Every structure is written in structure tokens, then in C-alpha cells.
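Residue-level listing of the chains:
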Amino acid sequence: MDSKKSAAISVCALLSIFLFSIIGSCFMSYLYEDEKVVVENPNIIVSSGITVTNEKGEQINKLMFSEVKLGLKPVTGELDSDTKIPVTVTDQNGSEGIFAKFKVKSASVCSFSIKNLQVTGNDKLELEKERKNIWMSIKEVDDSTCNFEGQSVKLGSLPASTEGLNFTLLFWLSSVASDEFESTTISFDVEIS
């Protein structure tokens, strides 16, 4: 009888722990909902003769970023010496940044630029000062890692391919980004021309 009683107490204790952890995580998500940094899926602007598709081969006019439930946070990983991308920013779930995968078909070399950066939601954020802390890179293009210090940012040139080439756009906040990014929405457009 004692073993059944102790087993029941153990099961009860485990169920209580699970219940409290679920309630706690839901509560934390609710608390952080107003503080999270959201990045909108960017519109794609293309020149004639260029086609952008998703991984399924469907033509798209927006890049779809991976989801980060608690919002984007400043990275904690060290920079890779070759790519200048933090080692914790990848194209896998669990990355400290976000990513969007896409395919580009073009008969000629085309440039990949970011335009119309806007950060809304927190009036305390000094965007001109913080532009240097917003980073992007195209994983498959050498020397494409850069921040948003200019009004228009060119990430690099994409090689010509009539069959289409796969690319991954990585996006993150630097480790020294200010707390003023909390409660903001970041948006921008992607231009491929």
C-alpha cells in the first residue's frame, strides 16, 4: 500500500510541476507580448525578367520570415570571422535571428537592395543612431553582411540563372542594440533589379 501511495504522490507532484511550467510560460508570453520586436515580411520589388519564388516554386511578392515567438532579441553569439554573421544566427529553428528562403530566376546578374526601412512603435528609439545595430546578410553571397547605416543598402549581386538559385536572407539585431527596440515593428522593402 505504501508503494502505491508514494507512486501516487510522485505522479501528482510531476503533474503539478508540468501544470505550473505551462501556466508560467503562458504568463511570460503574455507579459512579453507588448515588448517584443516584430519584423514584418518584406515586399519584393523586381525588375522585368526576374522571377522570385518560394521553396515550393510558387511566385511570391513577399518574403516570409521564420517565426520567433518571443520576438527578435539582440544576438549573444560571437561573429564568424569569414562571414561576419553571428554563429547563433542560422537558417534553422532556434536561431537568434530570423531567416527567409527564396529562389531567384534571372537571365542576367541582378543586385539585391533593401529600401524604405521603418521602425515604429517606440518613440524613444533614435532610428538614425540605431541603424548600425540592424543587420542582414544573404547566406550564399560572399561579403553581403551589412547593417542599415544608409537609407538604401545593397547586400550584393545575385548571379544569373534561368533555372533559379536558392538564397537565404538572414536578419538580426546586434548584441549592443538598445533596449529602445522593445515594442517596435521593423519593416522594409526588398528590391531585386
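Here we summarise the structure given alongside this text.

1. Points about the nonpolar core
Within the largest apolar cluster, 38 residues are counted, with the highest numbers of intra-cluster contacts made by Phe112, Phe171, Ile186, Phe188 and Ile192. Listing elements by their share of this core, those giving two or more residues are β3 (50-53), β4 (98-106), β5 (110-120), β6 (134-138), β8 (153-158), β9 (161-173) and β10 (185-192). Here this core takes five residues from β5, the largest share from any one element. Here isoleucine 186 is in contact with Val37, Val38, Val39, Glu40, Leu117, Gln118, Val119, Phe171, Leu173 and Phe181, once residues within four sequence places are set aside. In terms of nonpolar packing, the next biggest core, distinct from the first, is built from six residues, Val75, Ile85, Leu170 and Trp172 among them.

2. Notes on the side chain of serine 174
In this structure, serine 174 sits in the loop between β9 and β10. Polar side-chain contacts of serine 174 include one of 2.8 Å to the side chain of asparagine 133. Not counting chain neighbours up to four residues away, the residues in contact with serine 174 comprise Pro74, Val75, Asn133 and Trp135.

Cut-offs applied
- Residues numbered from 1 in each chain as written.
- Predicted model: local features only at pLDDT ≥ 70, side-chain atom pairs only at ≥ 80, totals over all residues.
- Heavy atoms only, no water.
- Core = buried A, V, L, I, M, F, W, Y, C linked by side-chain atoms within 4.5 Å.
- Buried < 20%, exposed > 50% of the residue type's maximum accessible area, 1.4 Å probe, protein only.
- Helix = DSSP H or I, 4+ residues; strand = E, 2+ residues; numbered from the N terminus.
- Contact = heavy atoms within 4.5 Å.
- Polar contact = N/O pair within 3.5 Å; in protein donor to acceptor, adjacent residues only side chain to side chain.

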